[in-house]
Amino acid sequence: KLTLIASVLFFVSCKQNPAEAPEHKAMVENHKAMEASHETMAKEHNTMKDDHQQMVDAHKDIENDSIHLVTEKNHTALLAKHGELISAHNALIEKHAELEAKHASGEITLEQMTKEHETMKSEHESMEKEHQSIAAEHQKITEEDQKMIKEDQEKAKEEEADQK
């Protein structure tokens with residue numbers, strides 16, 4: 001009887017630390033990847049804002065710039081959408097960190113952690129796709145704007161040459 005109690009106590013006391021589980025370690029690695037992805041998104045967002053300011057500055061000297069104003073408006077909306085994405089992704093990273101802590105403390109089971117983590121991975125992948133879409137749209141708007149500016153400059157040169 002004593003041996004049985006000792007065996008049960010030994011078995012219970014040797015329970016694996018949740019933070020040492022391979023699934024938990026994989027989740028921690030995924031968290032690091034999410035943070036790196038977020039850092040990239042944030043840097044690209046800052047670049048987009050810089051590009052936007054350059055666009056606005058370039059439009060100051062253009063007459064009849066209604067087309068350019070529409071481009072600026074579209075770009076502003078795109079920046080706002082990307083800003084919202086950055087905020088949502090940051091919230092996901094915080095939620096992921098909370099999940100890590102809950103699992104490491106034993107507050108939730110491995111099954112609960114795995115289920116929630118799969119949902120978070122899916123959300124993260126969706127956000128990365130949206131980021132790529134926004135980045136592509138940003139590139140398109142920037143290229144179109146640069147093309148219009150070049151055309152405006154060429155037209156101004158032609159008009160100046162015609163006046164001579």
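For the structure itself, look to the data block above.
Okay, so let's go over this structure. (Residues numbered from 1 in each chain as written. Predicted model: local features only at pLDDT ≥ 70, side-chain atom pairs only at ≥ 80, totals over all residues. Heavy atoms only, no water.)

## A closer look at the packing of helix α2 (residues 22-59) against helix α4 (residues 110-163)
α4 packs onto α2 with a crossing angle of 20° between their chain directions and a minimal axis gap of 10 Å. Taken together, the axes of α2 and α4 are roughly parallel relative to one another. Here α2 runs over α4; the crossing is left-handed. (Axes fitted to C-alpha atoms, helices over the stretch in contact; angles between N-to-C directions. Helix = DSSP H or I, 4+ residues; strand = E, 2+ residues; numbered from the N terminus. Parallel < 35°, antiparallel > 145°, perpendicular 65-115°, else oblique. Left-handed = near helix turned anticlockwise from the far one by under 90°.)

## With respect to the packing of α2 against helix α3 (residues 66-104)
Direction vectors running N to C along α2 and α3 enclose 160°, while the axes themselves pass 10 Å from each other. Judged on the interaxial angle alone, α3 and α2 are roughly antiparallel. Crossing geometry of α2 relative to α3 is assigned as left-handed. Of the residues belonging to the contact of α2 with α3, the class tally is 15 nonpolar, 18 polar and four charged. (Nonpolar A, V, L, I, M, F, W, Y, C, P; charged D, E, K, R; others polar.)

## Examining the pattern of salt bridges
Throughout the structure, instances matching the rule amount to three salt bridges. Between Glu-123 and Lys-95 there is a salt bridge, and its shortest N-O distance comes to 4.0 Å. Here Glu-123, found in helix α4, pairs with Lys-95, found in helix α3; they are 28 residues apart in sequence, far enough to count as distant. A relative accessible area of 29% means that Glu-123 is categorised as partly exposed. Residue class for Lys-95 comes out partly exposed when judged on its relative accessible area of 38%. Put simply, Glu-118 and Lys-121 hold a salt bridge, and the shortest N to O gap is 3.7 Å. Of the two residues, Glu-118 and Lys-121 are both situated in helix α4; the distance of three residues between them amounts to about one turn of the helix. On the accessibility criterion, Glu-118 (43% relative accessible area) is partly exposed. (Salt bridge = Lys/Arg side-chain N within 4 Å of Asp/Glu carboxyl O. Buried < 20%, exposed > 50% of the residue type's maximum accessible area, 1.4 Å probe, protein only.)

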